[in-house]
Amino acid sequence: MSDILIVDDERDIRELMSDILEDEGYATRLAGTSDDAMAAINTEPPALLILDIWLKDSRMDGIDILKTVKRDNPDIPVVIISGHGNIEIAVAAIKQGAYDFIEKPFNIDQLLVVIRRAMEASRLRRENIQLRRKDIAAAEMIGESAAFRTMISQLDKVTKSNGRVMLTGPSGCGKEVAARYIHSQSNRKDAPFVTVSSASIGPDRMEEVLFGREGSERGVEPGLLEQAHGGVIYFDEVADMPLGTQSKILRVLVDQQFQRVGGTDKVRVDLRVISSTSRDLALEIEQGNFRQELYHRLNVVPIPVPSLEERREDIPLLARYFIEQANKTQGLVARELSDEAVALMQTMVWPGNVRQLRNLVERVLILGDGTGPIEAKELPSENEASGEESRVILSGALASLPLREAREAFEREYLLTQINRFGGNISRTANFVGMERSALHRKLKSLGVVTTSKSGGRVAHVEEEA
């Protein structure tokens, strides 16, 4: 996409324009019929298209070519020229997506000004896309835990295919990062990644946002589906999509085409679809909130994204990564983490998952004093409100038990927490708590604590009585 394609049925005019443009440093290609024009576009999309409205001995006129180009290659700016210009033709061309309209015989200076502006607008759009792609590439996957490695293995298997992927997991666990990882490793990595935030778009605007609009004063307004042409459309929290829109999205998945709001022409798109949800879609289907047919279309490859609780081993890596990012992007001091702070982080409850961890790290860096390591006392704890820092405060349930039962309950909860902190690794747990591995196994058995596989890792829990 580096040259200008000139389409005009008059040889003298297209060659004159070519000479003028090449004198200005532009590379050009020429076409005299619609077939030649479409062949040239399909071989290599040009940086800009100069298009005559009336083409003799052609099966398509300029407006037909314009519609096709804007449907299949919406990023190509098109300048319409005509020797039979009038307001109606100009308005029709602009509504179909033309950058500008010039009447023959054209003024050379005017033509060059329009072409420079169109090329500049196109360049700025490409730079904007490239900047967005850099953001995508920067969405790194951080982790070493078994649950994380299992997820990465599944993601890697789908990157080179075009299959639809459904990412499931609680809010804040990193589903969009996983979706961006798939895109950045795929053969569509140089094409757009467009996010549809289903929960943040009002039901009355959803179709216009997705499909675009035409017929308004601003002409054609491409929707998110059209902007994602050639790349990935990511439906974030797809369960929040209105039922009426769900049926239309289902049709898009089947036909790979749709109509803009207020339009009659079909817009064809080439898309890979990735979806995510934190809800139980089977329950949503049962309650009539989600279309079963759409679920089966989207859920071709289901991939669970583990919660932070399932990958506690990764908390130190993630925290240090967020510290580094806050230093690069906000200039905050890049502090180390003390061992006590790491231990506390790995035993905290994280209902907001990775997002909550990132916010906590940022908060500590903003409010903290000095450049020394982050200490456990800077992190929120159950004793924060009471001001108690050194005492262990018993829960009401534990305080009401006799010493032997209270000790057993404490040991059970303590060992559950430590095992899960180390991803089910008994050797690391034994080393940390200061017990021989065989002694720890006996202790766990006496307390009824077992470990089972979950999301590729080991998770400890109390064995249920038969």
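One can find the structure itself at the top, above this paragraph.
In this report, the structure presented in the accompanying data block is examined. This one's a predicted model, so the numbers in the text were calculated from it and none came from an experiment.

## Things to note about the overall build of the protein
Moving on, step 1. Across its full length, the protein holds 19 helices and 16 strands.
Moving on, step 2. Contacts in the protein between residues at least 24 apart in sequence constitute 70% of all its contacts with a sequence separation of at least 6.
Moving on, step 3. For the protein, the accessible surface area stands at approximately 24,300 Å², while carbon and sulfur atoms represent 48% of it.

## A closer look at a nonpolar patch on the surface
Moving on, step 1. Taken together, the side chains of Phe410, Tyr414 and Phe432 define a hydrophobic patch exposed on the protein surface, amounting to about 290 Å² of accessible area.
Moving on, step 2. Turning to its location among the elements, Phe410 is positioned in helix 17 (residues 403–421).
Moving on, step 3. Classification of Phe410 by relative accessible area gives partly exposed; the value is 47%.

## Let's talk about the nonpolar core
Moving on, step 1. With 30 residues, the main nonpolar core has Leu210, Leu225, Ile233, Phe235, Ile249 and Leu298 as its most contacted residues.
Moving on, step 2. When contributions to this core are tallied by element, the ones reaching two or more residues are strand 7 (193–197), helix 8 (206–211), helix 9 (224–227), strand 10 (232–236), helix 10 (243–255), helix 11 (281–286) and helix 12 (292–298).
Moving on, step 3. For Leu298, the residues in contact, after removing those within four places along its chain, are Arg164, Val165, Met166, Val238, Leu253, Val273, Ser275 and Phe290.

## Observations concerning the packing of helix 13 (residues 315–330) against helix 15 (residues 353–367)
Moving on, step 1. One can describe the packing of helix 13 onto helix 15 by two numbers: an axis separation of 9 Å at closest approach and a directional angle of 55 degrees. Compared by their axis directions, helix 13 and helix 15 come out oblique. The two elements helix 13 and helix 15 cross, and the hand of that crossing is right-handed. Side by side, helix 13 and helix 15 meet where Ile315, Leu318, Ala319, Phe322, Ile323, Ala326 and Gln330 of the first sit next to Val354, Leu357, Arg358, Val361, Glu362 and Leu365 of the second.
Moving on, step 2. Residue composition of the contact of helix 13 with helix 15, grouped by class: ten nonpolar, one polar and two charged.

## A word on the sheet that holds strand 3 (residues 48–52)
Moving on, step 1. As summarised here, the arrangement of the five strands in space is 2-1-3-4-5, forming an open sheet in which the pairing is parallel. Sheet topology places strand 2 (28–31) and strand 5 (100–103) at the edges, where each strand pairs with a single neighbour. Along the sheet, successive strands turn relative to each other by an average axial angle of 20 degrees, direction set aside.
Moving on, step 2. As paired elements, strand 4 (residues 78–82) and strand 5 share four bridges and run parallel to each other. Following the sheet pairing, Ile81 is matched in strand 5 by Ile102.
Moving on, step 3. With respect to the sheet, helix 2 (residues 34–43) is in contact with strand 1 (4–7), strand 2 and strand 3, its orientation differing from that of strand 1 by roughly 170 degrees.

## Quick look at unusual backbone geometry
Moving on, step 1. Note that the residue after Lys104, namely Pro105, is joined by a cis bond; omega there is -10 degrees.
Moving on, step 2. Within the element layout of this structure, Pro105 appears in the loop between strand 5 and helix 5 (108–138).
Moving on, step 3. In this structure, Gln256 is a non-glycine residue whose phi angle is positive, near 60 degrees.

## Observations regarding the sheet that holds strand 10
Moving on, step 1. Pairing in this open sheet of five strands is parallel, and the strands run 7-10-13-6-14 from one edge to the other. Both outer strands of the open sheet, strand 7 and strand 14 (301–304), are each paired with one neighbouring strand and no more. Adjacent strand axes in the sheet meet at a mean angle of 20 degrees, parallel and antiparallel pairs treated alike.

## Describing the pattern of salt bridges
Any two side chains of opposite charge can pair, so long as their charged atoms come close to each other.
Moving on, step 1. Tallied over the full model, the rule gives 24 salt bridges.
Moving on, step 2. Across the salt bridge formed by Asp314 and Arg311, the nearest N and O atoms sit 2.9 Å from each other. The burial state of Asp314 is the same as that of Arg311; both residues are buried.
Moving on, step 3. The partner of Arg335 in a salt bridge is Glu378, and the shortest N-O contact between them spans 2.8 Å. Of this pair, Arg335 sits in the loop between helix 13 and helix 14 (339–347) while Glu378 is found in the loop between helix 15 and helix 16 (396–399), placing the two residues 43 residues apart along the sequence.
Moving on, step 4. The exposure class assigned to Arg335 is buried, which follows from its relative accessible area of 6%.
Moving on, step 5. Linked by salt bridges that have partners in common, Asp8, Glu10, Asp52 and Lys104 make up one network.

## What to know about empty space enclosed by the protein
Empty space among the atoms becomes apparent when a probe as large as a water molecule is rolled across them.
Moving on, step 1. Across all of its chains, the model carries one cavity of 30 Å³ or more by this definition.
Moving on, step 2. In this structure, the largest cavity occupies an estimated 40 Å³ of space.
Moving on, step 3. Residue lining of the largest cavity: Leu225, Ile233, Phe235, Ile249, Val252, Leu253, Gln256, Leu271 and Val273, and that is the complete set.
Moving on, step 4. Here the lining of the largest cavity gets three residues from one element, more than from any other, and that element is helix 10.
Moving on, step 5. Its residues assigned to classes, the lining of the largest cavity shows eight nonpolar, one polar and no charged.

## Focus on the side chain of Ser198
Moving on, step 1. Here Ser198 is to be found in the loop between strand 7 and helix 8.
Moving on, step 2. Take Ser198: its relative accessible area is 2%, and that puts it in the buried class.
Moving on, step 3. At 3.1 Å, the side chain of Ser198 forms a polar contact with the backbone oxygen of Asp236.
Moving on, step 4. Residues contacting Ser198, with those up to four places away along its chain left out, are Met206, Asp236, Glu237, Val238, Asp240 and Met241.

## Remarks on the packing of helix 18 (residues 426–433) against helix 19 (residues 437–447)
When two helices pack together, their arrangement is given by the angle between the helix axes and the distance between those axes.
Moving on, step 1. Viewed as axis vectors pointing N to C, helix 18 and helix 19 meet at an angle of 100 degrees, and their least axial separation amounts to 9 Å. As far as their axial angle goes, helix 19 and helix 18 are roughly perpendicular. Taken together, the residues of helix 19 that come into contact with helix 18 (itself represented by Ile426, Ser427, Thr429 and Ala430) are Arg437, Leu440, His441 and Leu444.
Moving on, step 2. In the contact of helix 18 with helix 19, the residues fall into four nonpolar, three polar and one charged.

## A word on helix 15
Moving on, step 1. Over its 15 residues, helix 15 runs 21 Å from end to end, which matches the ideal 21 Å to within 8%, given 1.5 Å per residue.
Moving on, step 2. Residues Asn353, Val354, Leu357, Leu360, Val361, Val364 and Leu365 constitute the buried set of helix 15. The arc enclosing the buried residues of helix 15, seen along the axis, measures out at 130 degrees, which places them on a common side.
Moving on, step 3. If you follow the buried residues of helix 15, they end up packed against helix 13 and helix 14.

## Brief notes about the environment of Glu214
Moving on, step 1. In this structure, Glu214 sits in strand 8 (residues 213–216).
Moving on, step 2. Taking the C-alpha atoms as reference points, Glu214 and Val261, separated by 47 residues in sequence, lie 6.4 Å from one another.
Moving on, step 3. Within the structure, Glu214 has its side chain in polar contact with the side chain of Arg260 (distance 2.8 Å).

The rules behind these values
Residues numbered from 1 in each chain as written. Predicted model: local features only at pLDDT ≥ 70, side-chain atom pairs only at ≥ 80, totals over all residues. Heavy atoms only, no water. Helix = DSSP H or I, 4+ residues; strand = E, 2+ residues; numbered from the N terminus. Contact = heavy atoms within 4.5 Å. Areas by Shrake-Rupley, 256 points an atom, 1.4 Å probe, with all protein chains shown as cover. Patch = residues over 30% accessible without salt bridge, like charges linked within 9 Å, V, L, I, M, F, W, Y side chains within 5 Å. Salt bridge = Lys/Arg side-chain N within 4 Å of Asp/Glu carboxyl O. Buried < 20%, exposed > 50% of the residue type's maximum accessible area, 1.4 Å probe, protein only. Core = buried A, V, L, I, M, F, W, Y, C linked by side-chain atoms within 4.5 Å. Axes fitted to C-alpha atoms, helices over the stretch in contact; angles between N-to-C directions. Parallel < 35°, antiparallel > 145°, perpendicular 65-115°, else oblique. Left-handed = near helix turned anticlockwise from the far one by under 90°. Nonpolar A, V, L, I, M, F, W, Y, C, P; charged D, E, K, R; others polar. Pairing = 2+ DSSP bridges. 1 Å grid on protein atoms, 1.4 Å probe; cavity = no way out; pocket = protein on both sides within 12 Å on 5 of 7 lines; lining within 4 Å. Points joined across faces, edges and corners; volume = space filled by probe spheres on them. Polar contact = N/O pair within 3.5 Å; in protein donor to acceptor, adjacent residues only side chain to side chain. Expected span 1.5 Å × (residues − 1). Arc of directions from axis to C-beta.

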